Amino acid sequence: FEGTLLTALPQIEHADTTTLGFVWTPDFNAVQNPVFSLDYYEIDISNYIDTFSAQEVLDGCYVLGLASECAKVRRVGGNLILDGSGVEIFTQNLKYIKAEGIELGFAFGIPVGRGDLQFSGTANHYLTHEFQSRDELPVVDCVGYFGTSCEQPRPELRLIQRTTWNYNNL
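Cut-off values and rules
Residues numbered from 1 in each chain as written. Predicted model: local features only at pLDDT ≥ 70, side-chain atom pairs only at ≥ 80, totals over all residues. Heavy atoms only, no water. Phe/Tyr/Trp six-rings, centres within 6.5 Å; stacked < 30°, edge-to-face > 60°. Buried < 20%, exposed > 50% of the residue type's maximum accessible area, 1.4 Å probe, protein only. Helix = DSSP H or I, 4+ residues; strand = E, 2+ residues; numbered from the N terminus. 1 Å grid on protein atoms, 1.4 Å probe; cavity = no way out; pocket = protein on both sides within 12 Å on 5 of 7 lines; lining within 4 Å. Points joined across faces, edges and corners; volume = space filled by probe spheres on them. Nonpolar A, V, L, I, M, F, W, Y, C, P; charged D, E, K, R; others polar. Salt bridge = Lys/Arg side-chain N within 4 Å of Asp/Glu carboxyl O. Contact = heavy atoms within 4.5 Å. Disulfide = S-S within 2.5 Å.

Side note on the packing of aromatic side chains
Aromatic rings considered in pairs are described by the distance between their centres and by the relative angle of their planes.
Moving on, step 1. Summed over the entire model, instances satisfying the criterion amount to five aromatic pairs.
Moving on, step 2. Ring centres of Trp-24 and Phe-28 lie 6.1 Å apart, and the angle between their planes is 85 degrees; this geometry places the pair in the edge-to-face category.
Moving on, step 3. You can call Trp-24 partly exposed: its relative accessible area is 47%.
Moving on, step 4. Owing to a relative accessible area of 41%, Phe-28 belongs among the partly exposed residues under this scheme.

Some words on unusual backbone geometry
Excluding glycine, a negative phi dihedral is what most residues carry, and trans is how most peptide bonds are arranged.
Moving on, step 1. Here the phi dihedral of Asn-33 falls at roughly 45 degrees; this positive angle occurs in a residue that is not glycine.
Moving on, step 2. Position of Asn-33 among the secondary structure elements: in strand β2 (residues 32-51).
Moving on, step 3. The phi dihedral of Asn-47 is positive, around 60 degrees, even though this residue is not glycine.
Moving on, step 4. Relative to the helices and strands, Asn-47 resides in strand β2.
Moving on, step 5. Asn-47 gets classed as partly exposed once you look at its relative accessible area, which sits at 29%.

Some remarks on the layout of surface pockets
Moving on, step 1. Taken as a whole, the largest pocket spans an internal volume of roughly 280 Å³.
Moving on, step 2. What lines the largest pocket is a set of 17 residues, among which Asp-50, Phe-131, Ser-149, Cys-150 and Glu-151 lie closest to the centre.
Moving on, step 3. When residues of the lining of the largest pocket are traced back to their parent elements, those giving at least two are β2, β5 (91-112) and β6 (115-132).
Moving on, step 4. No other element matches β2, which puts three residues into the lining of the largest pocket.
Moving on, step 5. Here the residues of the lining of the largest pocket sort into seven nonpolar, six polar and four charged.

Observations concerning the pattern of salt bridges
Moving on, step 1. Under the counting rule described, the total for this entry stands at five salt bridges.
Moving on, step 2. As a salt-bridge pair, Glu-42 and Lys-98 come within 3.5 Å of each other at their nearest N and O atoms. Of this pair, Glu-42 sits in strand β2 while Lys-98 sits in strand β5, and the two are 56 residues apart along the sequence.
Moving on, step 3. By relative accessible area, which is 22% here, Glu-42 ends up partly exposed.
Moving on, step 4. We note a salt bridge from Arg-134 to Glu-69, for which the minimum N-O separation is 2.5 Å. Within this pair, whereas Arg-134 is found in the loop between β6 and β7 (140-141), its partner Glu-69 is found in helix α3 (residues 67-70), the two being separated by 65 residues in sequence.

Describing the environment of Ile-89
Moving on, step 1. In this structure, Ile-89 sits in the loop between β4 (86-87) and β5.
Moving on, step 2. With a relative accessible area of 38%, Ile-89 lands in the partly exposed category.
Moving on, step 3. For the pair Ile-89 and Val-57, spaced 32 residues apart in sequence, the C-alpha separation works out to 8.2 Å.
Moving on, step 4. Beyond its immediate chain neighbours, meaning those up to four positions away, Ile-89 contacts Thr-51, Phe-52, Ser-53 and Ala-54.

Here's the deal with the state of the cysteines
Moving on, step 1. Taken as a whole and assessed by the stated rule, the structure comprises one disulfide.
Moving on, step 2. What pairs with Cys-61 in a disulfide is Cys-70, and their sulfur atoms sit 2.1 Å apart. An S-S torsion of about 100 degrees defines the bridge between Cys-61 and Cys-70 as right-handed.

Shown next as structure tokens:
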């Protein structure tokens, strides 16, 4: 029993990361503490721990004819809508996931009367955000997509900005 249980546990992930960037802090009289940054990043995780999406299991079974994936489809009474039926999704090691992009950051303040306005934000441009669950399944790039295989929205360009008004000590 112990040997079976141990082989079912996920193995260690391995990540290679590359980042390159710079920070610029110019001396402008019109703004307070300006900071600008530009970064490139690439994160590549092999043998990553996650689950297959239900769509990947169904594609593996019905499109590729993989018996291992068909075994994860549980039908009760010939369909997938009755209690006890569905697609089994277990945590396991998947082939790889990779994210690559460029990010611009900024922060500065502008005096306003007895206070100031503080601005900060980031703009992230994804070059890729792809994964492959196993050799037999295709590589899926989720940049700009959301759906059954790309469960988290991953826009090509993501902007976040924050403005804070400070008045006296408030």
